[in-house]
Amino acid sequence: MQGVIDLVLVTAGDVELLYRLQLAAFMPLYEKYHDDETSPAKETLERITEKITAPNSEFYLIRFAGKAVGGIRIRHGQSDIMQSDVNWISPFFVVPEFQNRGIGGKAIRKIFEMYPETLAWKLNTIKQERGNCHLYEKCGFVKTGTEYAVNEQMTLIDYERTCF
């Protein structure tokens, strides 16, 4: 893959761009699974604005060769016991035309470098999306065994990566 991957902190001026990218990335999955309650494709511009201003959270644009191609949000202290050294990734996305180019893996590795104090990373993804599961496993995440049925077609599965 040619091109540099950069993560740029989202500002209020980036909200509409982030919204368009998120919609483009998640709409194909929404059309496949019709997950009205969980799909980021159904989030409003106002909800995304809330996410970028939320405490204990950073939202980054993923740039490939200078072009915004996705986003990744990190939430701190979001574990069951609110540990400050446990981070959640949600959402994480690359628009379809830039998928399968190694961008996602590089973005995740950059996040690991940016948060070296993290003892554990957590996320969930669609169990039926084998490409997503493969990416996370390639980045060192393992299935925790926890699953949530969203509807008859879709199940979310939890992953964790420990860093100690």
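Note that the coordinates shown come from a computational prediction; the quantities given were computed from them, not determined experimentally.

A. Structural context of the packing of aromatic side chains. In the structure shown here, the tally under the stated rule is eight aromatic pairs. Judged by centre distance (5.5 Å) and plane angle (65°), the rings of Phe-26 and Phe-93 are edge-to-face. One end of the pair, Phe-26, is in helix H1 (residues 15-33); the other, Phe-93, is in strand E4 (residues 86-94), with 67 residues separating them in the sequence. One exposure class covers both Phe-26 and Phe-93, and it is buried. The interplanar angle of 80° and the centroid separation of 6.0 Å between the aromatic rings of Tyr-115 and Trp-121 together place this pair among those described as edge-to-face. Of the residues examined, Trp-121 reaches a relative accessible area of 1% and is grouped as buried.

B. Fine view of unusual backbone geometry. Along the chain, Ser-90 connects to Pro-91 via a cis peptide bond; the corresponding omega equals -5°. As for its placement among the helices and strands, Pro-91 is situated in strand E4. One non-glycine residue, Asn-56, lies in the positive phi region at around 55°. Examined against the element boundaries, Asn-56 turns out to sit in the loop between helix H2 (45-53) and strand E2 (57-64). Even without being a glycine, Asn-100 presents a positive backbone phi close to 65°. With a relative accessible area of 83%, Asn-100 lands in the exposed category.

Calculation criteria
Residues numbered from 1 in each chain as written. Predicted model: local features only at pLDDT ≥ 70, side-chain atom pairs only at ≥ 80, totals over all residues. Heavy atoms only, no water. Phe/Tyr/Trp six-rings, centres within 6.5 Å; stacked < 30°, edge-to-face > 60°. Helix = DSSP H or I, 4+ residues; strand = E, 2+ residues; numbered from the N terminus. Buried < 20%, exposed > 50% of the residue type's maximum accessible area, 1.4 Å probe, protein only.

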